[in-house]
Structure formats: structure tokens, C-alpha cells
Amino acid sequence: MGQIKGVRIELGGITQHNIKQLKRLNQYIFPVSYNDKFYKDVLEVGELAKLAYFNDVVVGAVCCRVDVHDGVRHLYIMTLGCLAMYRRHGIGSVLLEHVFKIAKSQGSFHSIFLHVQINNDSAINFYKHFGFEIVETKEHYYKRIEPSDAYVLEKRLIPEKSA
């Protein structure tokens, strides 16, 4: 999948047998907890959820879902993250490129979007590098963490129709 400085970055499916690895990863990476329904749903999304392996060690993951608003399809990135000591090795880029590939192959997505805590500058800059823009601020989006506000970042795949 990815070849950077003599290391191997590969993506693998999430199954009943490795879902606990995803759960453990998310506990280390994200300041929020995900409930059992999140993990049950992840098992049903197929290619929209992947674990990232760095030389055969699980170090990151991406989990998406399809959202439909007013008949328009959007791809929502629920989580995309990598353990801190493995950041800046291209793993997040490989995960995000997988999302782009899915969006292209499944087609007809208006955009890809996600929420990012407003003080998470490294994540905001990462997504901006790939063409995402801040389109909204959601106040009190997060519970039990500060700051509780989130930016909505979006990458449009289908251009807006001009009037």
C-alpha cells in the first residue's frame, strides 16, 4: 500500500477478530469514548473502515459512514487517527487516500466531511493540506472534554451549481 523510507504501510479490514484492537487504538488516540454501537456499526461498513499497519504493527485506523441529507450523499469520517509515536510517517495520508479512493469508486458523493476539536491544529492543518475547508463551527459538540466546540471540515467532490 505505502512504501516510505524502507517501511511498509498496509491497510487491513476490521473484523470480529480484531475489533478489540480498534477499540484499544481509539482509547489511546482520541479524547472521547466510543460506545458499543459504534463498534457494531464499524463491523458492517466493509471497506469504509480499515486498520493501518506499520511493518505489521497496528498503529492507526479510519472509520467512515455514508450520510444522506436531503437526498444528497456525503461520506462522513467518524474517526481517522494514528498513535502519536507513528505520526508524520505517512500513515494518516494512506488512510485518507483510502477514503478518497472509496469516494471515487462508489461515486456520487457530494462531499467528505468530519468534525475536529477547535484546538487540534495539527489535525486541522493535515486536512487543509488535502483540500478540506472549515465550513462551520459546532458549539458544545463534544461532551466531557474541553474545548467542547468542533469545526466541521469538508472537502467538496461535486462542485456547487452556480445560480
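Presented here is an overview of the structure given in this document. (Residues numbered from 1 in each chain as written. Predicted model: local features only at pLDDT ≥ 70, side-chain atom pairs only at ≥ 80, totals over all residues. Heavy atoms only, no water.)

1. Observations regarding the environment of Thr-79
Part 1 of the reasoning: Residue placement: Thr-79 occurs in strand S5 (residues 72-82).
Part 2 of the reasoning: Exposure remark for Thr-79: the relative accessible area of 2% places this residue in the buried category.
Part 3 of the reasoning: In this structure the C-alpha to C-alpha distance between Thr-79 and His-115, which are 36 residues apart in sequence, comes to 9.0 Å.
Part 4 of the reasoning: The residues contacting Thr-79, other than those within four sequence positions of it, are Phe-30, Tyr-34, Phe-38, Ala-61, Val-62 and Cys-63. (Helix = DSSP H or I, 4+ residues; strand = E, 2+ residues; numbered from the N terminus. Buried < 20%, exposed > 50% of the residue type's maximum accessible area, 1.4 Å probe, protein only. Contact = heavy atoms within 4.5 Å.)

2. Examining the packing of aromatic side chains
Part 1 of the reasoning: Scanning all chains against the criterion turns up eleven aromatic pairs.
Part 2 of the reasoning: A centroid spacing of 5.0 Å and a plane angle of 85 degrees characterise the contact between Phe-38 and Tyr-39, whose relative ring orientation is edge-to-face.
Part 3 of the reasoning: Judged by its relative accessible area of 9%, Phe-38 is buried.
Part 4 of the reasoning: Three or more aromatic residues link up through ring pairs in this structure, and these residues are Phe-100, Phe-126, Tyr-127, Phe-130 and Phe-132.
Part 5 of the reasoning: Above the ring of Phe-109, the side-chain terminus of Arg-73 is found at 4.2 Å from the ring centroid.
Part 6 of the reasoning: In this structure, Lys-155 packs its charged tip against the face of Phe-100, placed 5.3 Å from the ring centre. (Phe/Tyr/Trp six-rings, centres within 6.5 Å; stacked < 30°, edge-to-face > 60°. Lys NZ or Arg CZ within 6 Å of the ring centre and 35° of its normal.)

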